[in-house]
Amino acid sequence: MADQAESSGRHWKDPPDTADSFLQQIAVLQEGKQEIGVILRVLHEADLPLNLLENNLVDVHVPDLRGAARARSGSEQADETVRLAVYLHTIARECRNIVEDRRFNEFLRTVRYTKENTEVLLAAFNELADAWSAYQPVINRLDVAEWGERPSPDQIWIALKRPRREYIDALGAYYVQLLNVINKLEADPNARRD
Amino acid sequence: MTEALRSADLIEQCTIALRSRPLSFTSAADDTQLPIVSLQAQLPVIQGWLDHLAQINVISGPDIRWAPRLSDARDTTLLRLHFVMRSLRRDPPGPGPLNSQLAGDIQKFADALRKLRQLATQQPLASRRAH
């Protein structure tokens, strides 16, 4: 575990080549967009119960998202298991951080992703963060809920409905703005990964 | 100019698409082709074109009657573009019908852009007639 932490620390301490760094950041954005998009599609098309966001657990060890997951938890562990909702929000925040990163944002300007585009994405993320601040505390209560206690698990599931719906709506709006970033990157031949 | 006209055409198509079938994950094989995403992608191109058109005035323009009309149409389009951006910031659109404010702002922007496009493409003809 210590080796993993050191390995990760070395990654962040050594300033990577700028082009490589941008490619890594683009890869994280593309993967983030992909993962959020898949879940949104499932929720919209498959008519699955929305509580899959809390019931499904995700083992977080996607290399590009590992740093974000560790930063969120404050843990030294490289991998961890989180609820799908937590995982999605971690991805969303990581993508926001990348777009907001000064050097990467300057790079985005070169592919015609404007200051105004950034403002719209940040506005979408702020709405997502607001929705998360109402949703997350209720999710956390699931971990400590017990039958015979108040609130009971079934009461918490009922209490989750509204903040979950508002979070999904906000995630959809944020996803549209992520698509806008990807659209610009894919339109620029120099920014493509393949 | 060619790129700007292509963007104006795309915005027109996106506006029609947004009116007839709002955002939907099921309607596009590639999400980056969603009408609202395509429309947003064209806005910087139009912004650049509007900045370029600002250089044309009565003195520099080829036609003394055409230039003020173009300038007026350009200012209107720029204002409409700002309203669209403001609405996007205030309530970023998600997968569902656009809110009425944004839908209205996009429609007015598209209308203004269509008029500007018509005027801009008339210019070479007017210029040729003058010569």
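Residues numbered from 1 in each chain as written. Chains lettered and ligands numbered in written order. Predicted model: local features only at pLDDT ≥ 70, side-chain atom pairs only at ≥ 80, totals over all residues.

Visitor: Teacher, can you tell me more about the overall build of chain B here?
Guide: Along its length, chain B carries four helices and zero strands. Listed N to C, the secondary structure of chain B is α-α-α-α in terms of helices and strands. The buried share of chain B, taken over its 131 residues, is 37%. Within chain B, contacts between residues separated by at least 24 positions form 70% of all contacts whose residues are at least 6 apart in sequence. (Helix = DSSP H or I, 4+ residues; strand = E, 2+ residues; numbered from the N terminus. Buried ≥ 20, exposed ≤ 12 C-beta atoms within 10 Å, placed from the backbone. Contact = placed C-beta atoms within 7 Å.)

Visitor: Would you mind showing me how to read the packing of helix α2 (residues 35-53) of chain B against helix α3 (residues 66-90) of chain B here?
Guide: A pair of packed helices can be characterised by two numbers: the angle between their axes and the separation between those axes. All names here are of chain B. The geometry of α2 relative to α3 is characterised by a closest axis approach of 10 Å and an angle of 145 degrees between their N-to-C directions. For the element pair α2 and α3, the recorded crossing hand is left-handed. Across the interface between the two elements, L43, I46, Q47, L50 and L53 of α2 pack against L70, R74, T77, L78 and L81 of α3. Of the residues that constitute the contact of α2 with α3, the class distribution is seven nonpolar, two polar and one charged. (Axes fitted to C-alpha atoms, helices over the stretch in contact; angles between N-to-C directions. Left-handed = near helix turned anticlockwise from the far one by under 90°. Nonpolar A, V, L, I, M, F, W, Y, C, P; charged D, E, K, R; others polar.)

Visitor: In this structure, what is going on with the interface of chain B and chain A? I would like to understand it.
Guide: A common way to express how large an interface is: the accessible area buried when the components associate. With 17 residues of chain B at the contact, the number on the chain A side is 24 residues. Those elements that provide at least two residues to the side of chain B that touches chain A are α2 and α3 of chain B. Ranked by the residues each element gives to the side of chain B that touches chain A, the list is headed by α2(B), at five residues. Here the side of chain B that touches chain A is composed, by residue class, of 11 nonpolar, four polar and two charged.

Visitor: Even after reading the chapter, I still don't get helix α8 (residues 153-187) of chain A, so can you show me in this structure?
Guide: Along an α-helix, residues three or four apart share an orientation, since each turn contains 3.6 residues. Taking 1.5 Å as the rise per residue, α8(A) with 35 residues should run 51 Å; its terminal C-alpha atoms sit 48 Å apart, in good agreement. Residue A:K161 marks the point of greatest curvature in α8(A), where the axis turns by about 35 degrees; the proline A:P163 follows within four residues. (Expected span 1.5 Å × (residues − 1). Bend = angle between axes of the 7 residues up to and from the residue.)

Visitor: What should I look at first to understand the environment of B:P97 in this one?
Guide: Mapping B:P97 onto the fold places it in the loop between α3 and α4 (100-130). Separated by 23 residues in the primary sequence, B:P97 and B:R74 have C-alpha atoms spaced 29 Å apart.

Visitor: Hey, could you run me through the nonpolar core in this one?
Guide: Inside soluble globular proteins, nonpolar side chains tend to come together where they are buried. All names here are of chain A. Counting 72 residues, the largest nonpolar core has I36, A92, L128, L171, Y174 and L178 as its most contacted members. Sort the elements by how many residues they give to this core and α8 lands first, with 13 residues. Setting aside chain neighbours within four positions, we find L171 in contact with I36, L40, L88, A92 and L128. (Core = buried A, V, L, I, M, F, W, Y, C linked by C-beta atoms within 7 Å.)

Visitor: Can you walk me through helix α2 (residues 18-45) of chain A in this structure?
Guide: Counted at 1.5 Å a residue, the expected span for α2(A) with its 28 residues is 40 Å, and the 40 Å between its end C-alpha atoms agrees. Downstream of α2(A) by a residue or two, A:D47 has a phi angle that is positive, lying close to 55 degrees.

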